[in-house]
Amino acid sequence: MAAAAAAAVALVGLAGCGGGDDETTSASDKPVGTATLWARDSQKGFINLLADTYNKSHEGQVRVSVIPAASFVQKFGTAAASGSGPDIASIDLVYLPYFASKGVLDDLTPVLEELEWKDDLSPAHKELAVFEDKTYALPFTAEASVTFYNKDLFKKAGLDPEKPPATYDEMLEASRAIKKLGEGHYGFVMAGSCGGCNIFEFAPHVWASGGEVLSEDGKTAQFDSPEVTEALQFYRTMWEEGLMAPSSKTDNGSTQGGTFQSGKVGMVNLGAFFVQTLAADKKIDFGVAPIVGRDGGTASFAGGDEIAVTAGAKNKAVAYDFVKWATGDEAQTLLAENSIVPVRTDLVETVYGVDDERYQVLGESMSTGRTPYSVVENEIINDNNGPWATMINKAVFGGGDIRAAQDEAQKAAQAIIDAG
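Here is what the cut-offs are and how they apply
- All residue numbers here refer to positions counted from 1 along the written sequence of the relevant chain.
- In keeping with the predicted nature of the model, local features appear solely for residues at pLDDT of at least 70, side-chain atom pairs appear and are counted solely at 80 or more, and the whole-chain, interface and lining totals rest on all residues.
- Derived side-chain values reflect all non-hydrogen atoms in the structure, with water molecules and hydrogen atoms excluded from consideration.
- Among the buried residues, those of types Ala, Val, Leu, Ile, Met, Phe, Trp, Tyr and Cys that are joined through side-chain atoms within 4.5 Å form a nonpolar core.
- Exposure categories follow from relative accessible area, calculated using a 1.4 Å probe and restricted to protein chains: below 20% of the type maximum is buried, above 50% is exposed, and the middle band is partly exposed.
- Note on contacts: a residue pair qualifies if any of its non-hydrogen atoms lie within 4.5 Å across the two residues.
- Pairing of aromatic rings covers Phe, Tyr and Trp, the last counted by its six-membered ring, and requires centre-to-centre distances within 6.5 Å; plane angles under 30 degrees mean stacked, over 60 mean edge-to-face, and any other angle means tilted.
- Labels follow the DSSP assignment, with helices taken as runs of H or I lasting at least four residues and strands as runs of E lasting at least two, numbered in each case from the N terminus.
- Should the NZ of a Lys or the CZ of an Arg lie within 6 Å of a ring centre and within 35 degrees of the ring normal, that charge is described as sitting over the ring.
- The span expected for a helix works out to 1.5 Å for each residue beyond the first.

**Some words on the nonpolar core**
And step 1. In this structure, Ile91, Val213, Phe223 and Trp388 are the most contacted members of the largest nonpolar core, which totals 75 residues.
And step 2. Not counting chain neighbours up to four residues away, the residues in contact with Val213 comprise Ile199, Ala203, Val206, Trp207, Ala221, Gln222, Phe223, Val228, Pro372 and Trp388.
And step 3. Counting residues in each nonpolar core, the second largest holds 58 residues, with Ala51, Leu115, Leu138 and Ile340 among its members.

**Side note on the packing of aromatic side chains**
And step 1. Throughout the structure, instances matching the rule amount to 21 aromatic pairs.
And step 2. Ring geometry for Phe148 and Phe274: centres 5.2 Å apart, planes at 85 degrees, overall edge-to-face. Of this pair, Phe148 sits in strand β8 (residues 138–150) while Phe274 sits in helix α13 (residues 273–281), and the two are 126 residues apart along the sequence.
And step 3. For Phe148, a relative accessible area of 0% corresponds to the buried category.
And step 4. With a relative accessible area of 2%, Phe274 lands in the buried category.
And step 5. Where Tyr168 meets Phe234, the ring centres are 4.3 Å apart and the plane angle is 5 degrees; that geometry is what we call stacked. Pair noted here: Tyr168 is in helix α8 (residues 168–179) and Phe234 is in helix α11 (residues 226–240), with a separation of 66 residues, a long-range link. As far as burial versus exposure is concerned, Tyr168 and Phe234 are alike and both buried.
And step 6. Of the aromatic side chains, those joined through ring pairs into one cluster are Tyr168, Phe188, Phe202, Phe223, Phe234, Tyr235 and Trp388.
And step 7. We note Arg358 situated over the ring of Phe286; from NZ or CZ to the ring centre the distance is 3.9 Å.

**Some words on the environment of Phe140**
And step 1. Among the structural elements, Phe140 can be located in strand β8.
And step 2. Phe140 gets classed as buried once you look at its relative accessible area, which sits at 0%.
And step 3. Placed 67 residues apart in sequence, Phe140 and Val73 show a C-alpha to C-alpha distance of 17 Å.

**Quick look at α8**
And step 1. With 12 residues, α8 ought to run about 16 Å at 1.5 Å a step, and its terminal C-alpha atoms sit 16 Å apart, in line with that.
And step 2. When α8 is considered as a whole, its buried residues turn out to be Tyr168, Met171, Leu172, Ala174, Ser175, Ala177 and Ile178.
And step 3. Buried residues along α8 sit against α7 (151–156), β9 (186–189), α10 (203–208), α11, β10 (265–271) and β12 (291–292).

Dropping the structure here:
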């Protein structure tokens, strides 16, 4: 996490932040007044629609503020210190352990226990919201990482477009076949200078092969595991053989999608959001498949947002009511209709892309997806200059000493964890 955000949040105890109207209830005991909600601009396509739907059917109201994604964490941290933050916050789930550990979020354990569908909520989201046996947020929106592949290129290369690769070797074979098409064709593209991208897109290869990148409690880095070595060697082979698009080395996450959309790249690991992009573009006949392991396993990163009530919220009655509603059938169906993966595993098959098997792959991947738990996730993984991103870039695109890159990253990551 940015130093400024960390410092700001560290100043705050349970006093937390607030920003809505004073908590009140109507004569019918229904929450009234206004609660404020902060969300990242990456959610602007649906967050106001969701709030408007709630506002039309409830006495209490929710007022949304959309914050630039790049500055959300720092702004929320600073607001927590000054007492000017929102009542409700939609937070990238990877940051939940940190914010929960700093006491700026309200304990929602009783709220979760009230939900009839609590057992049907995304397991990864629920795990990330727990700190010291208390739940500090509810699952809100989901994301899943998968492999997108160009069916037209598969056909041209003599590959079966209905049979995507299931192992590292099969991905290499497919990439080599596509590379032989010439004229700037490549088998794969990645964002080699993006830490956050590669916990989402690269780590599933490790998990699918039976490995880990962090211990379950987040207190031990496992960047030096054999499964990480094998995944790095797999990517290194693609780079050395010229199977990977040249932009992969320096991409910070801004170009890999567009490179795939050029129609000359066979495969890319991205998330559910990319389905909307490709469907709107209508230039590529694409397939969706789980991210594979070395010998045939599959895995996915379960991303998305949690929705939390701040510890100092001024209108907790409306805030509690909204976060419960946001996990319910109406809200989750509305999200699904806007191409957002539901966090309700019981609804995926009935409301999310029912007529498109590609959406089903995404829904299933979310249901079984994983998310590393760490209170210092930003420093060790998301930071593009941190241990995780540096290791991947050196091992895949550097001098080829994969073990040295791993050992260096392992020591750096563990030092950050121990200091945190």
